[in-house]
Amino acid sequence: MISQDSIEALKARLDIVDVVGSYIELKKAGGNFKAPCPFHEEKSPSFVVSPQKQIFHCFGCGAGGDAVKFVMEYEKLNYPEALEKLADSYNFTLAYTDNKHNKPRSQVMEKLNEWYQSLLTKNQTAFSYLQERGIYENSIEKFGIGYAPDSNATLNFIRSQQFSIKEAVDMGVVGYNQERNHTYARFIERITFPIFSANGSIVGFGGRTITGHQAKYVNSPETAFFNKSRLLYAYHLAKQSLHKKGEIIITEGYLDVIMLHQAGFDNAVATLGTALTHEHLPLLRKGSPRIVMAYDGDKAGRAAALKASKLLSASGFNGGVVVFDGGLDPADMVKEGRVEELSSMFRKAKAFIEFVLDEILSLYNLKDPKEREACREDCVGYLKTLSPSLQEAYKPILAAKLGGFVIKPSLIKVSNTNSMDTNNIRKDSHRDMWELSLIKTILDKPEYIEQILDVIDPSFLQFHSYEFSLVLQGKQDTPEIMAIRVDETITPLQDEEALNAELITFLTRYYERELKKVNIASNISFEEKAFYIRKFRGKIAKLKRGELVTPND
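Residues numbered from 1 in each chain as written. Predicted model: local features only at pLDDT ≥ 70, side-chain atom pairs only at ≥ 80, totals over all residues. Heavy atoms only, no water.

*Asks:* Just to check I follow, could you spell out the packing of helix H3 (residues 67-75) against helix H4 (residues 79-89) for this structure?
*Replies:* Working note: a packed helix pair is described by the angle between its axes plus the distance between those axes. Between H3 and H4, the least distance of the axes is 9 Å, while the angle of their chain directions is 105 degrees. One finds that H3 runs roughly perpendicular with respect to H4. Facing Ala67, Val68, Val71, Met72 and Glu75 of H3, the residues of H4 in contact are Tyr79, Ala82, Leu83, Lys85 and Leu86. Residues that form the contact of H3 with H4 fall into these classes: 8 nonpolar, no polar and 2 charged. (Axes fitted to C-alpha atoms, helices over the stretch in contact; angles between N-to-C directions. Helix = DSSP H or I, 4+ residues; strand = E, 2+ residues; numbered from the N terminus. Parallel < 35°, antiparallel > 145°, perpendicular 65-115°, else oblique. Contact = heavy atoms within 4.5 Å. Nonpolar A, V, L, I, M, F, W, Y, C, P; charged D, E, K, R; others polar.)

*Asks:* Would you mind going over the sheet that holds strand S15 (residues 319-324) with me for this structure?
*Replies:* Pairing within the open sheet is mixed, and its 5 strands lie in the order S13-S12-S14-S15-S16. The open sheet has two edge strands with one neighbour each: strand S13 (268-270) and strand S16 (350-351). Of the strand pairs in this sheet, S15 and S16 are connected by 2 bridges, and their pairing is antiparallel. Along S16, the bridge assignment pairs valine 321 with lysine 350. Across the sheet, helix H11 (residues 254-262) lies against strand S12 (247-251) and S13, angled at about 175 degrees from S13, the strand it touches most. (Pairing = 2+ DSSP bridges.)

*Asks:* Help me understand the nonpolar core, please; the structure alone is not making it clear to me.
*Replies:* Nonpolar side chains in soluble globular proteins tend to end up buried together. In this structure, Ile145, Tyr233 and Phe346 are the most contacted members of the largest nonpolar core, which totals 60 residues. The greatest single-element share of this core, amounting to 7 residues, is contributed by helix H5 (residues 108-120). Within the second largest apolar cluster, 38 residues are counted, among which are Met293, Tyr295, Val356 and Leu386. (Core = buried A, V, L, I, M, F, W, Y, C linked by side-chain atoms within 4.5 Å. Buried < 20%, exposed > 50% of the residue type's maximum accessible area, 1.4 Å probe, protein only.)

*Asks:* What exactly am I supposed to notice about unusual backbone geometry here?
*Replies:* The phi torsion of most residues other than glycine is negative, and most of the peptide bonds are trans. Of note, asparagine 181 is a non-glycine position whose phi angle comes to about 50 degrees, a positive value. With respect to the element layout, asparagine 181 can be found in the loop between strand S7 (174-177) and strand S8 (182-185). Unusually for a residue other than glycine, alanine 234 sits at a positive phi of about 70 degrees. Among the secondary structure elements, alanine 234 is positioned in the loop between strand S11 (217-219) and helix H10 (235-245). Under the relative-accessibility criterion, alanine 234 is labelled buried at 2%.

*Asks:* Help me understand the sheet that holds strand S5 (residues 64-65), please; the structure alone is not making it clear to me.
*Replies:* In a beta sheet, neighbouring strands are held together by backbone hydrogen bonds and run either parallel or antiparallel to one another. Strand order in the open sheet formed by 5 strands is S1-S2-S3-S4-S5, with antiparallel pairing between adjacent strands. Here the strands that pair on one side only, and so sit at the sheet edges, are strand S1 (27-29) and S5. Looking at chain direction, S1 and strand S2 (residues 32-35) are connected through 3 bridges and run antiparallel. Note that in S2 the partner of lysine 28 across the bridge is phenylalanine 33. Sitting on the sheet, helix H22 (residues 479-486) touches S2, strand S3 (47-50), strand S4 (55-58) and S5, and the angle it makes with S4 is about 110 degrees.

*Asks:* Help me understand the packing of aromatic side chains in this model?
*Replies:* Each aromatic ring pair is specified by the distance between its two centres and by the angle formed by the two planes. Tallied over the full model, the rule gives 25 aromatic pairs. Feature note: the residues Tyr23, Phe39, Phe47, Phe56, Phe70 and Tyr74 constitute an aromatic cluster, connected by ring pairs. Here the guanidinium or amino end of lysine 28 rests over the ring plane of phenylalanine 33, the centre of that ring lying 5.1 Å away. (Phe/Tyr/Trp six-rings, centres within 6.5 Å; stacked < 30°, edge-to-face > 60°. Lys NZ or Arg CZ within 6 Å of the ring centre and 35° of its normal.)

Right, dumping it as structure tokens:
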């Protein structure tokens, strides 16, 4: 078992916004952050993350909890697995109550990479290939480039370092064929490029064949540590520079990144053999950099650039696209010494929205009325993914690009889909803000709880007695209480003086209601009615003199 002290030490390192933001894209909303809920389908975002409370809560489906709970729900892990996942991400070593577990994450990746690096200079073919591409020896060292030999040599090395084959399988460097009961190295006779997490841990490899294998490049398979849709090659090396420069350059390949860094563009990264996806956005959002997409000018490259530009513009990112025509790529231009030209191209990158519109227009014959109509609908459909102000700004630009073809404003409905749907919050019940404020006061300032309980019973609350009872039972992780904790419109009472004044006002109204009920009651005797009338009138009189009363007074 993981020791409780270790769990608390890990939790102290975690930031709920950082953890959740590494999985989904969060947007600032006052003191909180919000997003569409990842746990149920919804049109308007009702998922809230509170950095102050260090919790998340969905007002739609009720999901909520701390950073560990989010990872459990999102990754479908149990509690210990989620803790271990987070510990690895934060380079934190957990302590276990049983000694057999007291060891850090397997170091097989690091040892294997050191070995691959030592083999590179011994393989003339691999080393010469890198030199021919213009890669310097200091870049080989900086990026940890190596060479993977045949399968048996790799398996033997893993065993010689006292690692189990299961460890290597779990880390994705060894494959296992269950039908044949056969293990094999995943990287065979390839130049290797270690892939690091944002925090600098090796989580996978990319491999480039030098023996003419049909697959020119391969990447590690998905593992508990490696998800190519959330990683960017060399991000750990580029993150300091991209924050300083306020810009990140995204390319399509390892060699492009290495050569760009070599030329001083040390804010360059690459996707890992996959298109840019929604899962990349949280990483790109950090530091709010301008994004430059540097893609090949062939059909596949332009299609990828179009898809990425649609995604980034719809998500509110600033930046543009540089397309490399003539069969060249960034690596080639650096090798040819065209660094100033590259720098100019990055500065003049075509803005995402303009690039998307121009690419869509290029797909149609605008001289044909039917195709022009189809093109207009395609463009309008794209504009509808943008903010209302951008929709309005680009309607006349699109009309001009279509050769003056008129676009009626009614064709693009301006709607704000980014605001939180407050109807998701307690749809079927009345919200009494005073009662909710009282509950939040207990949550935020538990030192007042005895003072409140001296004068108020949960039954006194008309609308939120259930939530009040949950707090008294210590059930703060229920959806009802989570909703109160993250709701910024509910404010706790500030101090003891304000609390007393509010309690007097609340109790006065409560006992006045009780007095009316007694006056019209027909199911109690005259003696009982007289007793309660005197009792409630006495309480009200004391309250109006500024004295708090207890239920037993």
